[in-house]
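Single-letter residue listing:
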Amino acid sequence: YRVGAEVMLNCESSIAVQGQYFTNEVDDSPFGDDWSNPQVMLKHVLARDCDTVLSATFGITPETDVDFGDFNEDTTKLYPGVLYYETLSPTLFTQGGFQFGIPVEDDQITHFDWSLSVGYWLYKDCSLVRGHCCCNQGRITGVIPQVGLLGKHVIGDNRREDAFGISSSSY
């Protein structure tokens, strides 16, 4: 399950945070439920028209504590990327983008991530209906369920020692 929130800094920039909760579906698994490394991302609009927005992004996932079998990485990663948003109808839209996961340590894996999703506006603030940015005064501007496809592709060496808290001497 993925959750996130975003706060506007001004009409062109925002800060978003997201995390993913995962669970093991197997009853006898020694691994428990956990949260992924959180990602904090700065977004800035590069271009915009009535139906389309193109933004540059820069994210960071800070290093978190990793126990045996956790689905977390034990390094900080930097995530430069690009996002787009396209209106399909007054209630439907598509969005997607790509980013590179660049570790700050040499012994970690670099990857290229992409996403493509379709969303539906359950609630859309009137400032968004007008088709332009109206810097609101701290109120919720939208509620959106989305369905998406996500991809992650390793760039370069795909071997990682002691990944996910599992020592290389244990296998």
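Data block above holds the structure.
Residues numbered from 1 in each chain as written. Predicted model: local features only at pLDDT ≥ 70, side-chain atom pairs only at ≥ 80, totals over all residues. Heavy atoms only, no water.

Enquirer: Looking at this structure, I do not really get a nonpolar patch on the surface. What am I missing?
Expert: The grouping of Leu88, Leu92, Val118, Tyr120, Leu122, Tyr123, Ile140 and Val143 at the surface amounts to a nonpolar patch, some 760 Å² of accessible area in total. Locating Ile140 in the fold gives a position in the loop between helix H1 (126-129) and strand E10 (142-143). Residue classification places Ile140 among the exposed positions, given a relative accessible area of 59%. (Patch = residues over 30% accessible without salt bridge, like charges linked within 9 Å, V, L, I, M, F, W, Y side chains within 5 Å. Areas by Shrake-Rupley, 256 points an atom, 1.4 Å probe, with all protein chains shown as cover. Salt bridge = Lys/Arg side-chain N within 4 Å of Asp/Glu carboxyl O. Helix = DSSP H or I, 4+ residues; strand = E, 2+ residues; numbered from the N terminus. Buried < 20%, exposed > 50% of the residue type's maximum accessible area, 1.4 Å probe, protein only.)

Enquirer: Even after reading the chapter, I still don't get a negative patch on the surface, so can you show me in this structure?
Expert: On the surface, a cluster of negative charge is made up of Glu63, Asp65, Glu105 and Asp106. Asp65 gets classed as exposed once you look at its relative accessible area, which sits at 62%. (Lys, Arg positive; Asp, Glu negative; His and termini not counted. Charge placed at Lys NZ, Arg CZ, Asp CG, Glu CD.)

Enquirer: Even after reading the chapter, I still don't get the pairing of strand E6 (residues 77-87), so can you show me in this structure?
Expert: Within a regular strand, side chains alternate between the sheet's two faces. Sheet topology note: the strand E5 (residues 52-61)/E6 ladder contains 10 bridges and is antiparallel. Across the sheet, the residue bridging to Phe58 is Pro80, located in E6. Pairing between E6 and strand E7 (residues 92-103): nine bridges, direction antiparallel. Each bridged residue has a counterpart across the sheet, and for Gly81 the counterpart in E7 is Gln99. Where E6 folds back on E7, the antiparallel hairpin that results is connected by four residues. (Pairing = 2+ DSSP bridges.)

Enquirer: How should the pattern of salt bridges be read in this particular structure?
Expert: For side chains of opposite charge, pairing can occur when their charged atoms come near one another. Applying the stated rule across the entire model yields three salt bridges. For the salt bridge of Lys43 with Glu6, the shortest nitrogen-to-oxygen distance reads 3.1 Å. Highlighted residues: Lys43 in strand E4 (residues 39-48) and Glu6 in strand E1 (residues 2-8), separated in sequence by 37 residues. Classification of Lys43 as buried rests on a relative accessible area of 18%. You can call Glu6 partly exposed: its relative accessible area is 46%. Where Asp113 meets Lys152, a salt bridge forms, and the shortest distance between an N and an O atom there is 3.4 Å. Here Asp113 is found in strand E8 (residues 110-120), whereas its partner Lys152 is found in strand E11 (residues 146-155), with 39 residues between them in sequence.

Enquirer: Please explain the side chain of Ser14 as it appears in this structure.
Expert: Inspection of the secondary structure puts Ser14 in strand E2 (residues 13-22). Only 2.5 Å separates the side chain of Ser14 from the side chain of Glu6, close enough to count as a polar contact. (Polar contact = N/O pair within 3.5 Å; in protein donor to acceptor, adjacent residues only side chain to side chain.)

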